[in-house]
Amino acid sequence: MSEAENSGQSSQRMIANPVPWPDGAKCACCVTFDMDADSLIHLDHPEDGHTRVSAISMLQYGPDVAVPRIVETYRRLGIRQTFFVPAWCIERYPGAIELMLKGGHEVAHHGYLHENPRRQSREQQAFWLDRAIDVIKRTTGAAPRGWRAPLYNFSDQSLDLLIDRGFLYDASLMGDDVPYLITSEAGRLIELPSHWGLDDWPQYVHAMDLDYMMPVRAPSVGLQIFTEEFEAAYRYGGLWVPVLHPFATGRLSRWAIMSEFLESVLGRGDVWFAPMEEIAAHINSVIASGSYTPRTVATPQYSGPVQVNSPFNS
Ligand SMILES: [Zn+2]
């Protein structure tokens with residue numbers, strides 16, 4: 001009986017297929033920030049987005065104020081993490097990107113202008129995917145290894161397009177507590193899942209210009225959902241991937257308490273924080289060594305709209 005089981009803490013097995021994390025870590029963590037900046041405004045309001053000065057300022061708080069703060073916290077804590085950045089934002093906010101790269105963080109693919117792949121043809125999806133890959137290559141010196149679909153809009157073409165371009169992982173799906181594989185005839189991708197409970201928009205974003213209005217939580221209340229999610233991952237061996245946004249969680253009061261929380265969990269000494277690409281590489285290596293077999297989800301699951309027979313649609 002392991003020490004954890006003996007303590008009674010993990011006596012209940014909640015994850016059917018827990019991952020052997022490096023150095024016996026209890027869970028794997030990556031605080032991912034999606035630095036969308038004002039791409040959202042120009043995408044949602046192509047006619048007059050440029051006139052929405054207050055909304056733009058709210059979103060530019062991300063690259064201008066929050067990213068330097070976040071990167072400094074990571075430096076102090078000695079961790080490297082992942083930023084998903086639309087390529088338009090990479091071109092528009094080079095200073096923020098430079099800070100990420102200087103800190104050794106991963107800059108991963110998050111569309112070009114945060115466009116919605118599910119509303120595009122396969123050809124359009126390929127075009128924007130490639131255009132953003134070129135920007136990332138030029139900026140970081142290497143092709144991106146990971147992708148998160150803008151607004152989780154992973155399309156039924158996304159998997160094959162990503163596999164064709166040599167991506168290692170995706171971070172858009174919500175199908176498990178631990179990494180799993182998504183496969184098609186084209187090959188396979190490692191999925192590093194998260195979910196809406198780990199996204200900061202429902203906690204903190206209230207923006208009429210983005211047609212997204214939620215009751216803004218106090219920082220301590222907003223933080224609580226992330227800490228409870230962490231404790232479950234820690235207790236049962238999961239993957240903790242908050243989906244945060246610099247303009248939201250990077251605000252002073254929220255990041256002040258989130259950074260305190262990160263410091264406290266790092267102090268436990270048995271938690272693995274790494275960029276997403278390193279977590280995906282770890283999954284590849286435990287598969288290769290035969291010490292782990294992830295769950296696999298084969299796609300496509302549906303060839304068209306799902307219809308069930310009834311007297312009304314015969
Ligand atoms: Zn985004």
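Residues numbered from 1 in each chain as written. Predicted model: local features only at pLDDT ≥ 70, side-chain atom pairs only at ≥ 80, totals over all residues.

Caption draft 1: Examining the environment of Val67 more closely. Looking at the secondary structure, you find Val67 in helix 3 (residues 53–77). On the basis of neighbour counts, which here come to 27 C-beta atoms within 10 Å, the residue Val67 falls in the buried class. Sequence separation between Val67 and Ile97 is 30 residues, and the spatial gap between their C-alpha atoms is 8.8 Å. (Helix = DSSP H or I, 4+ residues; strand = E, 2+ residues; numbered from the N terminus. Buried ≥ 20, exposed ≤ 12 C-beta atoms within 10 Å, placed from the backbone.)

Caption draft 2: Structural view of the sheet that holds strand 1 (residues 27–29). What the three strands build is an open sheet, ordered 11-1-13; its pairing is parallel. Only two strands of the sheet have a single neighbouring strand rather than two, namely strand 11 (239–240) and strand 13 (271–273). Sheet topology note: the strand 1/strand 13 ladder contains three bridges and is parallel. By the bridge assignment for strand 13, Cys29 is matched with Phe273. (Pairing = 2+ DSSP bridges.)

Caption draft 3: Here's a closer look at unusual backbone geometry. Cis geometry marks the peptide bond from Thr299 to Pro300; its omega dihedral reads -5°. Although it is not a glycine, Ala37 sits at a positive phi angle of roughly 45°. Summarising the element assignment, Ala37 is placed in the loop between strand 2 (32–34) and helix 2 (39–44). The residue Tyr152 is not glycine, and still its phi comes out positive at about 60°. With respect to the element layout, Tyr152 can be found in the loop between strand 5 (146–147) and helix 7 (158–164). What makes Tyr152 partly exposed here is the crowd of 16 C-beta atoms within 10 Å.

Caption draft 4: Representation of the packing of helix 9 (residues 219–236) against helix 11 (residues 252–266) within the structure. Two elements in contact, helix 9 and helix 11, have axes separated by 9 Å at closest approach and are oriented at 30°. It follows that helix 9 is roughly parallel to helix 11 by the angle criterion. For helix 9 against helix 11, the interelement crossing comes out right-handed. The segment helix 9 lies against helix 11, with Pro219, Ser220, Gly222, Leu223, Thr227 and Phe230 engaging Ser253, Arg254, Ile257, Met258, Phe261 and Val265. Looking at the contact of helix 9 with helix 11 residue by residue, the classes come out as seven nonpolar, four polar and one charged. (Axes fitted to C-alpha atoms, helices over the stretch in contact; angles between N-to-C directions. Parallel < 35°, antiparallel > 145°, perpendicular 65-115°, else oblique. Left-handed = near helix turned anticlockwise from the far one by under 90°. Contact = placed C-beta atoms within 7 Å. Nonpolar A, V, L, I, M, F, W, Y, C, P; charged D, E, K, R; others polar.)

Caption draft 5: Region of interest: helix 9. If you check helix 9, its first and last C-alpha atoms are 26 Å apart, about what 18 residues at 1.5 Å a residue would give, namely 26 Å. When helix 9 is considered as a whole, its buried residues turn out to be Gly222, Leu223, Phe226, Phe230, Ala233 and Tyr234. The inward-facing, buried residues of helix 9 abut strand 1, helix 8 (201–204), strand 11, helix 11 and strand 13. Immediately beyond the C-terminal end of helix 9, within one or two residues, lies Gly237, with a positive phi of roughly 90°. (Expected span 1.5 Å × (residues − 1).)

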